[in-house]
Amino acid sequence: MTQGDLYRRLVVERARAPMFGGQVADAQAQGEGTNPLCGDRVRLTASMTPEGRIAAVRHETRGCAICAASADLMAEHVTGHDAAQVAELGTVFETMLKTGQPAEGAGDLAVFAPLHQHRSRIRCATLPWTALNAMLNDLKDR
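Everything numeric here is computed off the predicted structure, so don't read it as measured data.

J.: Would you mind going over the environment of Arg43 in detail, with residue names and values included?
T.: By the secondary structure assignment, Arg43 is in strand 2 (residues 40–48). Taking the C-alpha atoms as reference points, Arg43 and Asn137, separated by 94 residues in sequence, lie 15 Å from one another. Setting aside residues up to four positions removed in sequence, Arg43 forms contacts with Gln23, Gln30, Gly31, Glu32, Arg58, His59 and Glu60. Here Gln30 takes part through its side chain, which lies 2.5 Å from a polar atom of the side chain of Arg43.

J.: Can you explain helix 3 (residues 83–99)? Please cite residues and give values.
T.: Helix length check: helix 3 (17 residues) gives 24 Å between terminal C-alpha atoms against 24 Å at 1.5 Å per residue, within 8%. Among all positions of helix 3, only Val86, Leu89, Gly90, Phe93, Met96 and Leu97 are buried. Down the axis of helix 3, the buried side of the element spans an arc of 125 degrees, and every buried residue falls inside it. Across helix 3 from its buried face, at more than 90 degrees, point the exposed residues Ala84, Glu88 and Lys98. Buried residues in helix 3 make contact with strand 3 (54–62), helix 2 (65–78) and helix 4 (119–140). Looking at the residues trailing helix 3, positive phi occurs at Gly100, about 80 degrees.

Rules and cut-offs
Residues numbered from 1 in each chain as written. Predicted model: local features only at pLDDT ≥ 70, side-chain atom pairs only at ≥ 80, totals over all residues. Heavy atoms only, no water. Helix = DSSP H or I, 4+ residues; strand = E, 2+ residues; numbered from the N terminus. Contact = heavy atoms within 4.5 Å. Polar contact = N/O pair within 3.5 Å; in protein donor to acceptor, adjacent residues only side chain to side chain. Expected span 1.5 Å × (residues − 1). Buried < 20%, exposed > 50% of the residue type's maximum accessible area, 1.4 Å probe, protein only. Arc of directions from axis to C-beta.

Written out as structure tokens, the structure is:
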């Protein structure tokens, strides 16, 4: 299976049947992101451990398949991590989108590497991360 085939399969699967869709009951944090150019919207809710790690995160995404799949894979990958680890993974993800080179430690997120050839779609993939950063910054400011 080629990288392109894997990308298409995983993006379609996660967009149609998200594993981390919905809301976290008794959420302690939330974040939102909107792309007014295309209408994509992401809303995140999360619960946190006493140590500041993400215990659970869920998303409600209205938008394209890339945005929905990115939100779902992001939720999977950041669960159990603290803000510093999330920031590091976000940087790895953005660098991968710019270079097209799958990064070590990116796991399934590497399926988005081909987006570097479609600059207009990169914002679709990074919107969930924008919402996540807003959520974590809000927690930090409390």
